[in-house]
Amino acid sequence: MRHFTTMEQLEKQDIYELLEEAKRCKKQNGFKESSEAFIANVFYEPSTRTKLSFEAAEKRLGYTPLNVDCDHSSIQKGESLYDTVRTLQALGAAAVVIRHPENNYYNQLQDISIPIINGGDGSGQHPSQSLLDMFTIYEEFGTFQGVRVAIIGDVLHSRVAGSNISALQKLGAEVIVAGPSEWTKRVDQSLNVMTVDEAVANADVVMMLRVQHERHVETLDMRNYHEAYGLTVERAETMKETSIIMHPGPFNRDVEIASELVECHKSRIFTQVENGVFCRMAIINAMVRANLVQELKGVM
Ligand code: CP
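Since the structure is predicted, the reported quantities are computational estimates derived from the model, not experimental observations.

Draft legend 1. Region of interest: the sheet that holds strand β2 (residues 64-68). Taken in spatial order, the four strands make up an open sheet running β2-β1-β3-β4, and their pairing is parallel. Each edge of the open sheet is held by one strand with a lone partner, namely β2 and β4 (116-121). Averaged over all neighbouring strand pairs, the angle between strand axes comes to 15°, with direction disregarded. Across four bridges, the pairing between strand β3 (residues 95-100) and β4 is parallel. Counted as the bridge partner of His100 is Asp121 from β4.

Draft legend 2. Quick look at the packing of aromatic side chains. Tallying each qualifying case throughout the model produces seven aromatic pairs. Where Tyr16 meets Phe144, the ring centres are 6.2 Å apart and the plane angle is 65°; that geometry is what we call edge-to-face. Here the residue Tyr16 occupies a position in helix α1 (residues 12-28), and Phe144 occupies one in the loop between α4 (127-141) and β5 (148-152), the gap between them amounting to 128 residues. Geometrically, the ring pair formed by Phe251 and Phe270 is edge-to-face, given 6.2 Å between the ring centres and 90° between the ring planes. With Phe251 in the loop between β9 (244-246) and α9 (269-299) and Phe270 in helix α9, this pair connects stretches of sequence that are 19 residues apart. Accessibility expressed as a relative area gives 18% for Phe251, which makes it buried. Here the aromatic residues Tyr16, Tyr138 and Phe144 are joined through ring pairs into a cluster of three or more.

Draft legend 3. Geometry of a negative patch on the surface. A grouping of Glu227, Glu234, Glu237, Asp254 and Glu260 is seen on the molecular surface, where their side chains present a negatively charged patch. Looking at the secondary structure, you find Glu227 in helix α7 (residues 225-229).

Draft legend 4. A look at the packing of α1 against α4. The geometry of α1 relative to α4 is characterised by a closest axis approach of 10 Å and an angle of 75° between their N-to-C directions. Accordingly, the angle class assigned to the pair α1 and α4 is roughly perpendicular. Between α1, through Ile15, Tyr16, Leu18, Leu19, Glu20, Ala22, Lys23 and Lys26, and α4, the contact on the second element is made entirely by Leu131, Met134, Phe135, Tyr138 and Glu139.

Draft legend 5. Examining the sheet that holds β5 more closely. Overall, parallel pairing links the five strands, which are arranged β7-β6-β5-β8-β9 in an open sheet. Because the sheet does not close on itself, it has two edges, and the strands there are β7 (192-193) and β9. Where strand β6 (residues 174-178) lies against β7, two bridges are found, and the strand directions are parallel. By the bridge assignment, Val177 is partnered in β7 with Val193. Its contacts with the sheet put helix α5 (residues 159-171) on β5, β6 and β8 (205-208), and the angle it makes with β5 is roughly 165°.

Cut-offs used in this document
All residue numbers refer to positions counted from 1 along the written sequence of the respective chain. Two thresholds apply to this predicted model, a pLDDT of at least 70 for residue-level local features and 80 or more for giving and counting side-chain atom pairs, whereas whole-chain, interface and lining totals are computed over all residues. For side-chain calculations, the full set of non-hydrogen atoms in the structure is used, while hydrogens and water are omitted. When DSSP finds two or more bridges between two strands, those strands count as paired. Counting from the N terminus, the helices are DSSP H or I runs at least four residues long and the strands are E runs at least two residues long. Lines are fitted to the C-alpha atoms to define the axes, a helix being fitted only along its stretch in contact, and any angle between axes, read from their N-to-C directions, falls within 0 to 180 degrees. Ring geometry is summarised as follows: Phe, Tyr and Trp rings, the Trp one being its six-membered ring, pair when their centres sit within 6.5 Å, and such pairs are stacked at plane angles under 30 degrees, edge-to-face over 60 and tilted between the two. Exposure categories follow from relative accessible area, calculated using a 1.4 Å probe and restricted to protein chains: below 20% of the type maximum is buried, above 50% is exposed, and the middle band is partly exposed. Patches in this entry comprise residues that are over 30% relatively accessible and not in a salt bridge; like charges within 9 Å are linked, as are nonpolar side chains (Val, Leu, Ile, Met, Phe, Trp, Tyr) within 5 Å. The accessible surface values rely on the Shrake-Rupley method and a 1.4 Å probe; as for residues, cover is taken only from the protein chains in view. For this document, the term salt bridge refers to a Lys or Arg side-chain nitrogen within 4 Å of an Asp or Glu carboxyl oxygen. Counting rule for charge: Lys and Arg are taken as positive, Asp and Glu as negative, and neither His nor the chain ends is counted. For the purpose of locating charges, the reference atoms are NZ of Lys, CZ of Arg, CG of Asp and CD of Glu. When an angle is under 35 degrees it counts as roughly parallel; over 145 it counts as roughly antiparallel; between 65 and 115 it counts as roughly perpendicular; any other value is oblique. We call two residues in contact whenever any of their non-hydrogen atoms come within 4.5 Å of each other.

Written out as structure tokens, the structure is:
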């Protein structure tokens, strides 16, 4: 595996190895593996959590983050994605983290010899978010077998849903989806659909999704969204005693989730953010090491 681009590419064993590596990173909290090498971060779309937690992970591992300012780089002069990344490779980056609005953008980067780590592609995949979500669920329940995860909201346009459905099914969890009917279908994935009320009451994990306005063709009337499809305080009261609330963020308070639930005792939303750093450390370690092994094989 040269690039880290989708959850589909990972075998069950790969996911468990990354989860164990993340656990080790969390335990050791702050060890350094590398020095002087740098990792480039190229975000063509806005980000707080992914960008900053990759940067934090790089610093904790001893790498220097090189943040490409897309608004003031030659991207503004029309430089292509390939040429930008090829330039970063020539500058000596050990890996490149990329967020891009185009689904499968990484297909045009197959000839790049340093690891491409996908920080989110359009409505396609968000594998590093998925790994931290898997880590948070595994930490909570100690298993995926029999854990029922309800993914609720804009499933169609969510790259987090894209990656999580695939990873959860692979790991043996039960996935259910709920939300507006036009958003609970993904052509590439077979899904068990329930009403929001049924999903919230029956799930072990209630995973709420942001409405992805930026990927919608038509404007939606959001006035009744919270009551119709959101996690209201009343709905949360029907959750099982042991069940938890997750959200990849950024969250819209009182739209998909009631403001007072964001930090309630069932919420793991900020645990997800914390775990994101350790999971991204694990991904960087695995990818850079694998690339070094490939380079050494090439020399021998
Ligand atoms: N969850 C997530 O990808 O958040 P950001 O857009 O802030 O990176």
